[in-house]
Amino acid sequence: MKPWSRFLLPPMLALLLPGFGLAQIPVDISVNVPPPELPVYNQPPIPAEGYIWTPGYWAWSDDDQDYYWVPGTWVPAPQPEFLWTPGYWEAADTVFFWHPGYWGPHVGFYGGVNYGCGYVGNGYEGGYWQGGRLYYNRSVNNITNVSVTNVYNKTVIINVTVNRVSYNGGNGIQARPTPEQIAASRERHIEPTPLQRQHVDLARRDVTLHASQNQGRPPIAATPKPAAFRGPGVVPARQGEALSAVRPNQGRENALSREREIVSPRDNPRDNRENPAERAQSPHLSAPRSSPEPRREAPPPPQPRRAPEAPPPPPPSAPPPALHRSASPPAPPSAPHAQRPPEKDREHH
């Protein structure tokens, strides 16, 4: 079934989403199928100073009736002092509406979706403008191949309930815009640049990026520049590392390691994940080993029970009394003979 007509969207959304201004109401896309979870990938190195990271997202193709992945990429800012607010999907009953992204002086509301690389669901932790220059947070940006002096380090703390849900509302993320974010939505905006539109169009025409083909793990998850889907710096989605849920048989160590992985994805997350996990598991491994030790000491109690068996050695000393008993019988016959003579003597007397 085709999605609902886009001509009905503005009046319907005005009724369904009264908390949002008309500037945030999408007027072009609605879908009755939820978008897939966000894939996991590493951010490619920044190509040059002045580029801002725009995270990847799932877009919808009416022609193909399928979601397709738009890779995250570094984009030149359209003008100084402008930042990127990512688009997001919002659920209203059984329908999902798309809120397009935009450039503006401040980062607005993007559904509370954790896109990573500085977009942790609220605001942008990847950098800020000052004096016409963009300062980058090295803790969330991959700045390794170019010389950028306007950098700083700021630790990004993420909520413990980390997930890869890609939409707001319904069974998704329960977040609402703050007064500051509503004000940001009413500021002067700039639509996606021609490079960004070319990037989206190229992603739509790439069959391997469609969800029905890649099962939520696109082979091109991020690129160093818009529309640069081939060559060095192209990053695929990591296999088998979805962060949407923690399996019941996985401990807190794995969950914590995943949080660390998202905070600094550029610093070999697998290496950083192993050491903390080993340290976290070491106390748990030592505790069970110490508990069986007292159980191994339990067998000694039978030894005290065997101690009573030590008395048997006296039996060797028992024979001596038996010898005395055998020697005593001859003594009685000799004793009567010794006593009879005196009795006869008494009779004579």
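How each quantity is defined
- Residues numbered from 1 in each chain as written.
- Predicted model: local features only at pLDDT ≥ 70, side-chain atom pairs only at ≥ 80, totals over all residues.
- Heavy atoms only, no water.
- Helix = DSSP H or I, 4+ residues; strand = E, 2+ residues; numbered from the N terminus.
- Expected span 1.5 Å × (residues − 1).
- Buried < 20%, exposed > 50% of the residue type's maximum accessible area, 1.4 Å probe, protein only.
- Arc of directions from axis to C-beta.
- Contact = heavy atoms within 4.5 Å.
- Pairing = 2+ DSSP bridges.
- Salt bridge = Lys/Arg side-chain N within 4 Å of Asp/Glu carboxyl O.

### Some words on helix H3 (residues 194-205)
Here comes step 1: Taking 1.5 Å per residue, twelve residues should reach 16 Å; H3 reaches 17 Å between its end C-alpha atoms and fits that length.
Here comes step 2: All of the buried residues along H3 are Gln196, His199 and Ala203. For H3, the angular spread of buried residues about the axis comes to 55°, placing them on one side. Every exposed residue of H3 that faces more than 90 degrees away from the buried side is listed here: Pro194 and Arg205.
Here comes step 3: Buried residues in H3 make contact with strand S2 (51-54), strand S4 (66-70), strand S5 (72-76), strand S6 (83-85), strand S9 (102-104) and strand S14 (222-223).

### As for the sheet that holds strand S8 (residues 95-99)
Here comes step 1: The four strands are arranged S1-S8-S7-S13 in an open sheet whose pairing can be described as mixed. Each edge of the open sheet is held by one strand with a lone partner, namely strand S1 (30-31) and strand S13 (167-168).
Here comes step 2: Two strands pair when backbone bridges link them, and strand S7 (residues 88-92) and S13 are joined in this way by two bridges, in the parallel orientation. Bridging from a neighbouring strand, glutamate 90 pairs with asparagine 168 of S13.

### Thoughts on the pairing of S8
Here comes step 1: With five of five residues buried, S8 lies mostly within the body of the structure.
Here comes step 2: Residue alternation in S8 divides its side chains into two sets, Val95, Phe97 and His99 and Phe96 and Trp98, and both sets are buried.
Here comes step 3: As judged from the two bridges shared by S1 and S8, these two strands associate in the antiparallel manner. Counterpart to valine 31 in the pairing with S8 is phenylalanine 96.

### Considering the pattern of salt bridges
Here comes step 1: Per the counting criterion, the structure on display carries four salt bridges.
Here comes step 2: For lysine 154, the salt bridge identified is with glutamate 125, shortest N-O distance 3.1 Å. Of this pair, lysine 154 sits in the loop between strand S12 (151-152) and S13 while glutamate 125 sits in the loop between S9 and strand S10 (127-130), and the two are 29 residues apart along the sequence.
Here comes step 3: Where salt bridges share partners, they join Asp201, Arg204 and Arg205 into one cluster.

### Concerning unusual backbone geometry
Here comes step 1: At cysteine 117, a residue that is not glycine, the phi angle is positive and equals roughly 55°.
Here comes step 2: With respect to the helices and strands, the residue cysteine 117 is situated in the loop between S9 and S10.
Here comes step 3: One non-glycine residue with positive phi stands out, namely alanine 227, at about 65°.
Here comes step 4: According to the relative accessible area criterion, alanine 227 is partly exposed, its value standing at 22%.

### Examining the pairing of strand S11 (residues 133-137)
Here comes step 1: In the sheet, S10 pairs with S11 via four bridges, with the strands oriented antiparallel. Residue pairing for S11: glutamine 130 is matched across the bridge by arginine 133.
Here comes step 2: The loop that links S10 with its antiparallel partner S11 comprises two residues; one of these, glycine 131, has a positive phi angle of about 60°.
Here comes step 3: Across two bridges, the pairing between S11 and S12 is parallel. Bridged to tyrosine 136 within S12 is valine 151.

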